[in-house]
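# What the coordinates show
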Amino acid sequence: MNRNQVRPQRRHATPGRIERVRRQAVPKPRVIIALLLLLGLVSVMLLDGYLRAEVGNDQRVRSDASASKVPDSVLDGGPFLSFQGGTARTRSVPDKTIVLTFDDGPDPEWTQSVLDILDDNDVPGTFFLVGSMISRYPDVVRRMVDDGNEVGVHTFTHVDLSYQSAARVTREIAQTQLALAGAAGITTTLFRAPYSSTNDAIDNYSWPVYKKLGAMGYTSVFIDTDSEDWQQPGVSKIIKWATPKSGKGASVLFHDAGGNRAQTLEALPQYIKKMKAKGYTFTTVSGAQQRAQGQQAQGQQAQGQQAQAPQGTPATAGDTRQSNPEQAAHRIADTATLWEGRALLGAVAVAEWTVPGLAAVLAVVGVAVLGRFAMMLVLARRHYRQRNRRRFSWGPPVTAPVSVIVPAYNEKECIANTLNSLAASTHPIEIVVVDDGSTDGTAEIAESLGLPNVRVIRQPNAGKPAALNNGVRHARYDIVVMMDGDTVFEPDTVQRLVQPFGDPEVGAVAGNAKVGNRSTVIGAWQHIEYVMGFNLDRRMYDLLRCMPTIPGAIGAFRRDAVLGVGGMSEDTLAEDTDITIALHRAGWRVVYAEHARAWTEAPASLGQLWRQRYRWSYGTMQALWKHRKSVTDRGPSGRFGRVGMPLVVLFQIVTPVFAPLIDVFTVYAMIFVDFKASLLAWLAVLLVQLVCAAYAFRLDRERYRYLLMLPLQQIAYRQLMYLVLIHSCVTAATGGRLRWQKLKRTGEVGTPAPGTGVR
């Protein structure tokens, strides 16, 4: 660098700057809470899906593979394979000895019945347990061990290990051992691979797995006699196929889970009695190994050589349960393994209760959603036919002038279009522009237009409710129309909006807000939402006489009614919902004028959209909480509290809060349950929504082309709205406060042509 060149000055990190950076970098507590809740739910669902994903898929991944690398002594050997000293050795079951082995459990129904049969006949069994099933039914495993039976590992998810990575093999074993430790306080040195059978089924893919497990101290247990009870061939065939030939000993395979085991339960006691009558005795794998060792010693004192313990569970003094030689494969779990196992069982228990519980709740929510759609369609049709009858009338035509109040804060991009649209009104009006401390010349622009009957009132910045109240105080006429500073009216909007005041019971009227900037994806999504959601809802609420919100973009009020309830309150961020509920409670009727259209500029970015809907959602909750006592009131207030309040809470808070979980559960079901059925169910719900949206577009005479965006809206936009609502709920639950947030406007929504609007 040239010496004469001036170096740029470095900005020092002042305390104030550091504090601002810290506030930006550190997430707010409610955001952390929301993320933790979401993470917890996803973790629980993934755990539940992992537990259920592969259990019961009785199909081997690889078959008919070469066994060229497997020693003949193993292929032709006995069913117990170990690698003591690194050399593969097999042992057979002694003659006249039966080892009853059971795969795929535990099962709360079938395994318990098998244990009852074994107890009644005073014989032990060896159960090869699936870790995911252990974690779900630990009480069954505890009884199994306490009754003197032996247990072995059958992997955690019943996966074919012959094509899994070494890490997956280790994980499957370790997780099963943790579950076993949590359930019964033990680990085991016995292993049986899913889909394994006799020794001659070992191939070049599975052989490395057995060698790895042998090096870890496991004894792999095969069978030499298969009852094939899983085929449910009938009781007589199960007994026949399970019977060894010529007095030979046998490791016999049965199943205590994985399907309907009624035939197994019927065959098992008959089989035990038959084999006892033939002079057979029953023992476990460890018991058979010790008998085989005793025979090999040729009359010497029997010395039951223990199997080497798996890694992490060394067979130190006192580890092995030597009090029962038929459980010699069991190891008492060390403290760390015991508590890790208990933690696993606790997590599984939470998942076992949470997922079905949420599924039940979501079923109710799903019924409520579909019921809402049905109710909207029925009532919207009735509303349309009632209000569009040729002879329908609210009463005497309303022709008196009205006051239009336009609160404005930094609306220089939009204010000219707004006032020009009002100037074209076919109904006599005065326009009261309340400039709420704008700093961009909004008031000057309004005055420079030189439009007749326009008054500009300036006030220090105090917020929209204060600006509206100021406008009401300055209004000269009995009916006031309120609108936003970024909204444009059609020429006949005001005339159509005020006609319901011909009915003296009507205190306020909600107009039909339309999205003007619908050319973008975000705008099109909001257009669908406005037509389908807001306007269909308003038709329904109108007939039920519990309209919850008059939109800030277009609403008309009796001036006396507004003043009678105290004006626009600053207690909430949704002053439009607050005033609407207050009018209901005061006994006024609030109706919907579908043909009174206003064109508003919807947020053009996701950030602005989030801020707007966040404020709406939070403000709605504030308003509902503020008016909660209406539930117990009498008269009109009580009617809204017991009809409108539950509907709003159910359809605008509870249902949307749980609705994202429906989508999450749909994805869960597609991955872990039934992809085709889940996809069809989702498409069916989408079809129902499409029908509702199409009918709403028909009533509003909108073009159907925007409905092409509906599937994408359901996948992306709807999730965003749900997250906004959840964020609002967390804010409310944590006592957070939200300030009014000004949106950036572009002024692209111009004055609509008479009778056509913006299409």
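Worth saying up front: this structure is predicted, and the values here are computed from it rather than measured.

## Points about the overall build of the protein chain
The helix and strand tally for the protein chain stands at 23 helices and 20 strands. By sequence separation, contacts in the protein chain at least 24 residues apart represent 81% of the contacts at least 6 residues apart. When the accessible area of the protein chain is evaluated, it comes to approximately 34,100 Å², of which 55% is carbon and sulfur surface.

## Comments concerning unusual backbone geometry
For residues other than glycine, phi is negative in most cases, and the peptide bonds are mostly trans. The residue after Gly105, namely Pro106, is reached through a cis peptide bond having omega 0°. Tracing the backbone through its elements, the reader meets Pro106 in the loop between β3 (97–105) and α4 (110–121). The backbone phi angle of Asp122 is positive, close to 55°, even though this residue is not glycine. Here Asp122 is to be found in the loop between α4 and β4 (126–129). Overall, the relative accessible area of 70% leaves Asp122 in the exposed class.

## Brief notes about the environment of Glu575
Along the chain, the position of Glu575 falls in helix α19 (residues 575–585). You can call Glu575 buried: its relative accessible area is 3%. A C-alpha to C-alpha distance of 9.8 Å links Glu575 and Pro551, two positions 24 residues apart in sequence.

## Observations regarding helix α22 (residues 675–700)
Between its terminal C-alpha atoms α22 stretches 37 Å, which fits the 38 Å expected from 26 residues at 1.5 Å a residue. Within α22 the residues assigned to the buried category are Ser678, Leu686, Gln689, Cys692, Ala693, Tyr695, Ala696, Phe697, Leu699 and Asp700.

## Here's the deal with a nonpolar patch on the surface
Judged by side-chain polarity, Val521, Leu712 and Ile715 come together as a nonpolar surface patch covering roughly 260 Å² of accessible area. Along the chain, Ile715 falls in helix α23 (residues 710–733).

## Quick look at the nonpolar core
By size, the foremost hydrophobic cluster in this structure holds 57 residues, and its most contacted members are Met482, Tyr541, Phe557 and Leu583. In this structure, Val140, Ala179, Leu180 and Leu265 belong to the second largest nonpolar core, which totals 41 residues.

## Concerning the sheet that holds strand β16 (residues 479–482)
Pairing within the open sheet is mixed, and its eight strands lie in the order β15-β14-β13-β16-β19-β18-β20-β17. Two strands in the sheet have a free side with no partner beyond their single neighbour: β15 (454–459) and β17 (488–489). For strand β18 (residues 506–515) and strand β19 (residues 555–558), the ladder comprises three bridges, and the chain directions are antiparallel. Following the sheet pairing, Ala508 is matched in β19 by Phe557. Relative to the sheet, helix α15 (residues 464–474) contacts β13 (402–408), β14 (429–436), β15 and β16, its axis offset from that of β14 by approximately 145°.

## Brief notes about the packing of helix α12 (residues 335–387) against helix α17 (residues 521–544)
Packing of α12 against α17 brings their axes to within 8 Å, and their N-to-C directions diverge by 70°. Viewed along their axes, α12 and α17 adopt a mutual orientation that is roughly perpendicular. Only Met532, Leu536, Asp537, Arg539, Met540, Asp542, Leu543 and Leu544 of α17 make contact with α12, whose side of the interface consists of Arg372, Phe373, Met375, Met376, Leu379, Ala380, Arg382, His383, Tyr384, Gln386 and Arg387.

## Some words on the packing of aromatic side chains
This structure, assessed with the given rule, holds seven aromatic pairs. Summarising the aromatic geometry, the rings of Phe83 and Trp207 are spaced 5.6 Å apart at their centres and angled 45° between planes, so their arrangement reads as tilted. With Phe83 in the loop between β1 (80–82) and β2 (89–91) and Trp207 in helix α8 (residues 207–215), this residue pair connects regions lying 124 residues apart in the sequence. Of the two residues, Phe83 and Trp207, both sit in the buried class. Three or more aromatic residues joined by ring pairs make a cluster, and in this case those are Phe102, Phe127, Phe254 and Tyr271. Lying across the ring of Trp339, Arg342 places its NZ or CZ 4.7 Å from the centre. The ring of Phe651 carries the charged tip of Arg372 above its face, separated from the ring centre by 5.7 Å.

## What to know about the pattern of salt bridges
Evaluation of the coordinates by the stated rule reveals 26 salt bridges. The partner of Glu529 in a salt bridge is Arg613, with the nearest N and O atoms 2.7 Å apart. Here the residue Glu529 occupies a position in helix α17, and Arg613 occupies one in helix α20 (residues 606–626), the gap between them amounting to 84 residues. Through salt bridges with shared partners, a single network forms among Lys514, Arg518, Arg539, Glu594, Asp700 and Glu702.

## Overview of the environment of Ala262
Checked against the element boundaries, Ala262 lands in helix α10 (residues 262–277). The spatial distance from the C-alpha of Ala262 to the C-alpha of Gln232 is 8.6 Å, given a sequence separation of 30 residues.

## Description of the pairing of strand β20 (residues 589–600)
Taking burial as the measure, the twelve residues of β20 include eleven buried ones, the bulk of the element. With two bridges joining them, β17 and β20 adopt antiparallel strand pairing. Residue pairing for β20: Phe489 is matched across the bridge by Ala598.

## Structural notes on the packing of helix α6 (residues 138–146) against helix α7 (residues 166–184)
Where α6 contacts α7, the axes come no closer than 8 Å and their chain directions differ by 75°. The pairing of α6 with α7 is recorded here as roughly perpendicular in orientation. On α7, the residues that touch Pro138, Val141, Arg142 and Val145 of α6 are Leu180, Gly182, Ala183 and Ala184. Grouping the constituent residues of the contact of α6 with α7 by class yields six nonpolar, one polar and one charged.

## Some thoughts on the confidence of the model for the protein chain
The pLDDT averaged across the protein chain works out to 84; a share of 85% of its residues lies at or above 70. Contacts from residues 753–759, a stretch scored under 50 in pLDDT, to residues over four places away or in other chains number 20 contacts.

## Quick word on the environment of Glu444
Along the chain, Glu444 turns up in helix α14 (residues 442–448). Along the chain, Glu444 and Lys412 lie 32 residues apart, while their C-alpha atoms are 9.2 Å from each other.

## Considering the pairing of β16
Taking every second residue as pointing to the same face, both faces of β16 are buried, with Ile479 and Val481 on one and Val480 and Met482 on the other. The pairing of β13 with β16 spans three bridges and is parallel. Bridge pairing in β16 places Ile405 opposite Met482. Taken together, the four bridges between β16 and β19 define a ladder with antiparallel strand orientation. Paired with Ile479 across the bridge in β19 is Arg558.

## So, the side chain of Arg589
Its location among the elements puts Arg589 in strand β20. A relative accessible area of 15% places Arg589 in the buried class. Once residues lying within four places of it in the same chain are set aside, the contact partners of Arg589 are Arg387, Trp394, Asp503, Glu505, Val506, Gly507, Ala508, Asp542 and Arg545.

## As for the side chain of Thr155
Along the chain, the position of Thr155 falls in the loop between β5 (150–153) and α7. With relative accessibility at 0%, the residue Thr155 sits in the buried group. With residues near it in sequence (within four places) discarded, Thr155 still touches Leu129, Val130, Gly131, Leu161, Glu172, Thr176, Phe191 and Pro194.

What counts, and where the lines are drawn
Residues numbered from 1 in each chain as written. Predicted model: local features only at pLDDT ≥ 70, side-chain atom pairs only at ≥ 80, totals over all residues. Heavy atoms only, no water. Helix = DSSP H or I, 4+ residues; strand = E, 2+ residues; numbered from the N terminus. Contact = heavy atoms within 4.5 Å. Areas by Shrake-Rupley, 256 points an atom, 1.4 Å probe, with all protein chains shown as cover. Buried < 20%, exposed > 50% of the residue type's maximum accessible area, 1.4 Å probe, protein only. Expected span 1.5 Å × (residues − 1). Patch = residues over 30% accessible without salt bridge, like charges linked within 9 Å, V, L, I, M, F, W, Y side chains within 5 Å. Salt bridge = Lys/Arg side-chain N within 4 Å of Asp/Glu carboxyl O. Core = buried A, V, L, I, M, F, W, Y, C linked by side-chain atoms within 4.5 Å. Pairing = 2+ DSSP bridges. Axes fitted to C-alpha atoms, helices over the stretch in contact; angles between N-to-C directions. Parallel < 35°, antiparallel > 145°, perpendicular 65-115°, else oblique. Phe/Tyr/Trp six-rings, centres within 6.5 Å; stacked < 30°, edge-to-face > 60°. Lys NZ or Arg CZ within 6 Å of the ring centre and 35° of its normal. Nonpolar A, V, L, I, M, F, W, Y, C, P; charged D, E, K, R; others polar. pLDDT = per-residue confidence, 0-100.

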